[in-house]
Amino acid sequence: MLLTGFAPGKLVKTKINGNISVNLPVDFQPMTPEDIIQRYPSVRAPLGAYTNPDRLVDFCANVSATQWVKGDEQVAMKFFKSSIYSMYDKVELISEGIVTIHRQNFFYFEFDSRLNSDRKNVATQDPLMKYTYIMYLVLPKQTLVFSFNCTKEQKEEWQPIAKTIMHSIKVR
């Protein structure tokens, strides 16, 4: 019997680039270019994007288009919180705050979201409901964005591991 979608037992160190690493489930693989285009439509490609074999659980590292300077974390946090609420039809905030990981201050938002269907497209009749844990790191001349996403149905099994993954991020 093949069981898919269950939270992993083992995490492995994954280098996103020469300066960033994270511990991801052993079965996570880099996303295909098609997956990246579909899930992270942007002019700039993510630094790294990974998914589980079912392609229902994702981790992505990216650079924000907005730049902030050290000391503006509180303003940046309000800005990104507002942008989260504007991206979805419904947001249920679970937690938010600032956390120090490896002597760096990240701010984060953990939430459930709902994106209503596109009534013009018959293929997307059901709303898209997701669990997200997203963290931001303000650096000189750039803001790094790390996100973990899964379907709302998988939230219960993945929520504990999401925090472990996010708190394993190392940026040099």
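Presented here is an overview of the structure given in this document. The structure displayed is predicted, hence computed values, not measured ones.

Rules used in this analysis
Residues numbered from 1 in each chain as written. Predicted model: local features only at pLDDT ≥ 70, side-chain atom pairs only at ≥ 80, totals over all residues. Heavy atoms only, no water. Helix = DSSP H or I, 4+ residues; strand = E, 2+ residues; numbered from the N terminus. Rg over C-alpha atoms; globule rule 2.2 N^0.38 Å. Buried < 20%, exposed > 50% of the residue type's maximum accessible area, 1.4 Å probe, protein only. Polar contact = N/O pair within 3.5 Å; in protein donor to acceptor, adjacent residues only side chain to side chain. Pairing = 2+ DSSP bridges. Contact = heavy atoms within 4.5 Å. Axes fitted to C-alpha atoms, helices over the stretch in contact; angles between N-to-C directions. Patch = residues over 30% accessible without salt bridge, like charges linked within 9 Å, V, L, I, M, F, W, Y side chains within 5 Å. Areas by Shrake-Rupley, 256 points an atom, 1.4 Å probe, with all protein chains shown as cover. Salt bridge = Lys/Arg side-chain N within 4 Å of Asp/Glu carboxyl O. Lys, Arg positive; Asp, Glu negative; His and termini not counted. Charge placed at Lys NZ, Arg CZ, Asp CG, Glu CD.

**Points about the overall build of the protein chain**
Item 1. Looking only at helices and strands, the protein chain features 3 helices and 10 strands.
Item 2. When its helices and strands are written in sequence order, the protein chain yields β-β-β-α-β-β-α-β-β-β-β-α-β.
Item 3. For 172 residues, the compact-globule formula gives about 16 Å, and the C-alpha radius of gyration of the protein chain, at 16 Å, lands near that figure.
Item 4. Looking at the protein chain as a whole, 43% of its 172 residues qualify as buried.

**Details of the side chain of Gln104**
Item 1. Position of Gln104 among the secondary structure elements: in strand E7 (residues 104-115).
Item 2. In this structure Gln104 comes out as buried when scored by relative accessible area, which is 16%.
Item 3. A distance of 3.5 Å separates a polar side-chain atom of Gln104 from the backbone oxygen of Val171.

**Things to note about unusual backbone geometry**
Item 1. For His102, which is not a glycine, the phi torsion comes out positive at approximately 50°.
Item 2. Position of His102 among the secondary structure elements: in the loop between strand E6 (90-101) and E7.
Item 3. Look at His102 and you get partly exposed, because its relative accessible area is 44%.
Item 4. Notably, Arg103 is not glycine yet its phi reads approximately 65°, a positive angle.

**Focus on the sheet that holds strand E10 (residues 170-171)**
Item 1. Spatial ordering of the open sheet is given by E1-E2-E10, a layout of 3 strands whose pairing is antiparallel. Taken across any chain shown, the strands that pair with only one partner, and hence form the sheet edges, are strand E1 (11-15) and E10.
Item 2. Lying over the sheet, helix H3 (residues 155-166) contacts E1 and strand E2 (20-25), oriented at roughly 155° with respect to E2.

**Description of a positive patch on the surface**
Item 1. Together, Lys13, Lys15, Lys170 and Arg172 make up a positively charged patch on the protein surface.
Item 2. Mapped onto the secondary structure, Lys13 falls in strand E1.
Item 3. Residue Lys13 is classed as exposed on the basis of its relative accessible area of 60%.

**Some remarks on the pairing of E7**
Item 1. Counting buried positions along E7 yields 9 of 12 residues, so the element is predominantly enclosed.
Item 2. The pairing of E6 with E7 spans 11 bridges and is classified as antiparallel. Opposite Ile98, over in E7, you have Phe107 as the bridge partner.
Item 3. The turn linking E6 back onto E7 is made up of 2 residues, and His102 within it adopts a positive phi angle of 50°.
Item 4. The pairing of E7 with strand E8 (residues 128-139) spans 9 bridges and is antiparallel. Its bridge partner lying in E8, Asp112 is registered against Tyr131.

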